[in-house]
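# Coordinates in review
Residue strings, one per chain:
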Amino acid sequence: MTPRAAIVGTGFMGATHREALARLGVEVVGIVGSSPATSTYASFAAMLADPRVDVVHLTTPNDLHHAQALAVLAAGKHCICEKPLAMTARESRALLDAARASGRVHCTNFNQRFYPLVGHARALVGDGQLGRPFHAHGGYLQDWLLYPTDGNWRVDAARGGALRAFGDIGSHWIDMVTHVTSTRVEAVLAELSTFVPERGGVAVTTEDVAHVLLRLSGGARASMTVSQVSAGRKNLLTFEVDCADGAVSWSSERCDELWIGHRDRPNETLVKDRTLMASPAAALSDYPPGHVEGFPDTFKQLYRAVYAAVEAGAMPAEDEAAFPTFADGHRLNVIGEAVLRSAREERWVQVEEIETEG
Ligand code: NAI
Ligand code: SOE
């Protein structure tokens, strides 16, 4: 039987998840909003008690993820939770443990790695066609919090987490780059800056900008710039990976192009064309060449992978899953705490240092 879904949250992501599920033909049997007017259920608990619901999508503000995801798993449902998975590494560890114990399918919503040409970049690096990865650089820039009059629950540490720009968008960059290079972050050196110290008369404690140096497994290095105060940059996610025999570079503003750099011959630009792309990246493209597949398509591709596991009836081994799991979400929370400590103590912090503290 085709699995059925319920969605918690009716904002930007609630609508985006719903649209992606509609495109896949997954029935959404109900919605839980923050008020009766936006809900089809009497309560969150009533949704959990509904036997028709197989998979719950959590698209609520960050401070609600931990309690809601625990309840979803305890109710025996599969869980797709928006990023960041939790407010702290302690919370995300508890979620990962609960998810593993439940045997249910668990996913952290790092959708952006599902752009077709990001998948192709991973295939090129993974196949060794470009040689050993030396270093990655790039970032995630936005401008929607440029002015002191701009505000959102994300700015409030109690709702969004102690890290804001890094947790909100830097987490996507790290997920994407470690996915492309098949590496893990081992250590970080971070500087966090708050350039707009007050919003709506309230002092801001979360960062507008994060500059982070990263040591990756296998010896590669990375640097990232994350900002929510970069005028004109609406939602620019970029990376370049420079390898021993070539390079790849991608930008969300030109998401259907992949730049492939060479030393001894002209550089190439691959325009998305599934007939020219390696499997499994080719399967991330449903549209013919020249027909852009963008941000909303990444959600569709992510849920196709997750629902295939749900239909198969078992959570795949986490390192073989075709989608980001709670283990990936937890890892990002751990890296986030390393970033926070590094910025506060002005030193390199090993990710292991945070992990071993539990
Ligand atoms: P939003 O503010 O647009 O929507 C949040 C929704 O949650 C609102 O409809 C609000 O009424 C509802 N809500 C609040 N408390 C609730 C409760 N107790 N029960 C049910 N609903 C409740 O926020 P947005 O942008 O949709 O972000 C939600 C989450 O999605 C965040 O964790 C954010 O980091 C993540 N996100 C992920 C994106 C991605 O690309 N993967 C993009 C945007 C957000
Ligand atoms: C706001 O910064 C936001 O909606 C993030 O929350 C998302 O994760 C990112 O994909 C787009 O920007």
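Please read all numbers here as calculations on a predicted model, not as lab measurements.

## Quick notes on the pairing of strand E3 (residues 55-58)
Alternating residues of E3 divide into Val55 and His57 and Val56 and Leu58, and every residue in both groups is buried. With 4 bridges joining them, strand E1 (residues 5-8) and E3 adopt parallel strand pairing. Counted as the bridge partner of Ile7 is His57 from E3. Two elements, E3 and strand E4 (residues 78-81), share 4 bridges in a ladder whose sense is parallel. Across the sheet, Val55 pairs through a bridge with His78, a residue of E4. Considered for its hand, the β-α-β crossover made up of E3, helix H3 (residues 62-74) and E4 is right-handed.

## Quick notes on the sheet that holds strand E15 (residues 268-271)
In a beta sheet, neighbouring strands are held together by backbone hydrogen bonds and run either parallel or antiparallel to one another. The strand order across the open sheet built from 9 strands is E15-E14-E13-E12-E6-E11-E10-E7-E16, with neighbouring strands paired in mixed fashion. Only two strands of the sheet have a single neighbouring strand rather than two, namely E15 and strand E16 (349-350). Note: strand E14 (residues 257-261) against E15, 4 bridges, orientation antiparallel. Across the sheet, residue Ile260 finds its bridge partner in E15, namely Glu268. Packing against the sheet, helix H5 (residues 116-126) makes contact with strand E6 (133-141), strand E12 (236-243), strand E13 (246-251), E14 and E15, and its axis sits at approximately 25 degrees to E14.

## Topic: the site of ligand 2
Around ligand 2 lies a shell of 13 residues, among which Lys83, Gln142, Arg154, Asp168 and His172 are the nearest. Note that an oxygen atom of ligand 2 is positioned 3.0 Å from one of the side-chain N or O atoms of Arg154. Here an oxygen atom of ligand 2 sits 3.4 Å away from a polar atom, N or O, in the side chain of Gln228. When the free accessible area of ligand 2 is taken as 310 Å², the share hidden by the protein chains comes to 88%. If you tally residues by element for the shell around ligand 2, the top one is helix H7 (residues 165-181), at 3 residues. Of the residues contributing to the shell around ligand 2, the split by class is 5 nonpolar, 5 polar and 3 charged.

## A short note on the side chain of Asn333
With respect to the helices and strands, the residue Asn333 is situated in helix H9 (residues 326-345). By relative accessible area, which is 9% here, Asn333 ends up buried. A polar contact is formed between the side chain of Asn333 and the backbone oxygen of Ala86, at a distance of 2.7 Å. Residues contacting Asn333, with those up to four places away along its chain left out, are Leu85, Ala86, Met87, Thr88, Ala89 and Ser92.

## So, the packing of aromatic side chains
By the definition in use, this model includes 5 aromatic pairs. Aromatic pair Phe12 and Phe295: ring centres 6.2 Å apart, planes at 20 degrees, arrangement stacked. Taken together, the residues span a long stretch of sequence, with Phe12 in helix H1 (residues 12-24) and Phe295 in helix H8 (residues 295-312) at a distance of 283 residues. Taking the relative accessible area as the measure of exposure, Phe12 reaches 57% and is therefore exposed. Aromatic side chains Phe295 and Phe299 sit 5.1 Å apart centroid to centroid with 75 degrees between the ring planes, which places their arrangement in the edge-to-face category. Taken together, the residues Phe295 and Phe299, both in helix H8 and 4 residues apart, mark about one turn of the helix.

## Remarks on the nonpolar core
Counting 53 residues, the largest nonpolar core has Leu214, Phe239, Val248 and Trp250 as its most contacted members. Of the residues forming this core, the biggest block, 8 residues, is contributed by H7. Contact partners of Phe239, with chain neighbours within four places excluded, come to Val118, Ala121, His137, Gly138, Trp173, Met176, Val177, Val180, Val248, Ser249 and Trp250. Leu21, Phe114, Tyr303 and Ala309 belong to the second-largest nonpolar core, a separate cluster that totals 24 residues.

## Observations concerning the site of ligand 1
Looking at ligand 1, there are 27 residues lining it, with Met13, Ser34, Asn62, Lys83 and Asn111 nearest. Here an oxygen atom of ligand 1 sits 2.8 Å away from a polar atom, N or O, in the side chain of Ser34. Look at ligand 1: alone it shows 850 Å² of surface, and the protein chains cover 82% of it. The biggest single contributor to the shell around ligand 1 is H3, with 4 residues. Here the residues of the shell around ligand 1 sort into 10 nonpolar, 13 polar and 4 charged. There are two domains that each give the shell around ligand 1 at least three residues, and those are domain 1 (5-111 + 305-324) and domain 2 (116-293).

## Re the domain arrangement of the chain
Here the chain is described as being made up of domain 1 (5-111 + 305-324) and domain 2 (116-293). Of note, the centres of domain 1 and domain 2, computed from C-alpha atoms alone, are 25 Å apart. Both sides of the domain 1 and domain 2 interface together cover about 940 Å² of buried area, and 51% of this is carbon and sulfur. Taken as a group, Lys83, Met87 and Phe110 account for 46% of the area that domain 1 buries against domain 2, more than any other trio of residues on that side. Put simply, domain 1 and domain 2 have 2 salt bridges between them. Residue Lys83 pairs with Asp168 through a salt bridge whose shortest N-O separation is 3.1 Å. Joining domain 1 to domain 2, the criterion identifies 3 residue pairs in polar contact (both at pLDDT 80 or more). Top contributing element to the side of domain 1 that touches domain 2 by residue count: H3, with 3 residues. Along the lines of polarity and charge, the residues of the side of domain 1 that touches domain 2 split into 5 nonpolar, 3 polar and 3 charged.

Quick notes on the rules
Residues numbered from 1 in each chain as written. Chains lettered and ligands numbered in written order. Predicted model: local features only at pLDDT ≥ 70, side-chain atom pairs only at ≥ 80, totals over all residues. Heavy atoms only, no water. Buried < 20%, exposed > 50% of the residue type's maximum accessible area, 1.4 Å probe, protein only. Helix = DSSP H or I, 4+ residues; strand = E, 2+ residues; numbered from the N terminus. Pairing = 2+ DSSP bridges. Right-handed = clockwise from strand over helix to strand, strands pointing away. Contact = heavy atoms within 4.5 Å. Axes fitted to C-alpha atoms, helices over the stretch in contact; angles between N-to-C directions. Near = heavy atom within 4 Å. Polar contact = N/O pair within 3.5 Å; in protein donor to acceptor, adjacent residues only side chain to side chain. Areas by Shrake-Rupley, 256 points an atom, 1.4 Å probe, with all protein chains shown as cover. Nonpolar A, V, L, I, M, F, W, Y, C, P; charged D, E, K, R; others polar. Phe/Tyr/Trp six-rings, centres within 6.5 Å; stacked < 30°, edge-to-face > 60°. Core = buried A, V, L, I, M, F, W, Y, C linked by side-chain atoms within 4.5 Å. Domains from an automatic or database assignment. Buried area = accessible area lost by both parts, 1.4 Å probe. Salt bridge = Lys/Arg side-chain N within 4 Å of Asp/Glu carboxyl O.

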